[in-house]
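# Reading the structure
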Amino acid sequence: MVMTLFILVISSIIAFAFIPQLKKKKETKTIITFSIILLFATAINIGIALKLKIPSPLDFITFIFSPIRDLIVSLTK
């Protein structure tokens, strides 16, 4: 639980450090993108801190490309 609070504090510090600079430059799209990525990274890190099973992105890539690989292999035989 302490680690979760620590992650939230660090994420808040990062947001408060960068978002005002982006507001001065009127970088609205950058603020939105930055916020989405920071939110996603914070959620993943909290999940890791809570020892949740988070699937690897490689599992998804393997799931998508295995049938394509099998098709190509069957066509070359």
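Anything mentioned here points back to the structure above.
Read on for a plain summary of the structure. (Residues numbered from 1 in each chain as written. Predicted model: local features only at pLDDT ≥ 70, side-chain atom pairs only at ≥ 80, totals over all residues. Heavy atoms only, no water.)

## Considering helix H3 (residues 57-76)
An ideal rise of 1.5 Å per residue puts 28 Å on 20 residues; H3 measures up with 29 Å between its terminal C-alpha atoms. Of all the bends in H3, the greatest, near 35 degrees, is centred on Phe65, and the proline Pro67 appears no more than four residues after it. Where H3 begins, one side-chain oxygen reaches toward the backbone nitrogen of Leu58, 3.1 Å away; that side chain belongs to Ser56. (Helix = DSSP H or I, 4+ residues; strand = E, 2+ residues; numbered from the N terminus. Expected span 1.5 Å × (residues − 1). Bend = angle between axes of the 7 residues up to and from the residue. Polar contact = N/O pair within 3.5 Å; in protein donor to acceptor, adjacent residues only side chain to side chain.)

## Some points on the pattern of salt bridges
Considering all chains together, one arrives at one salt bridge under this definition. Close ionic contact of Asp70 with Arg69 constitutes a salt bridge, the shortest N to O distance being 3.4 Å. (Salt bridge = Lys/Arg side-chain N within 4 Å of Asp/Glu carboxyl O.)

## Some words on the side chain of Thr42
Counting through the fold element by element, Thr42 comes out in helix H2 (residues 28-49). Overall, Thr42 belongs to the buried group, its relative accessible area being 9%. The contact partners of Thr42, leaving out residues within four places of it in the chain, are Ile7, Leu8 and Ser11. (Buried < 20%, exposed > 50% of the residue type's maximum accessible area, 1.4 Å probe, protein only. Contact = heavy atoms within 4.5 Å.)

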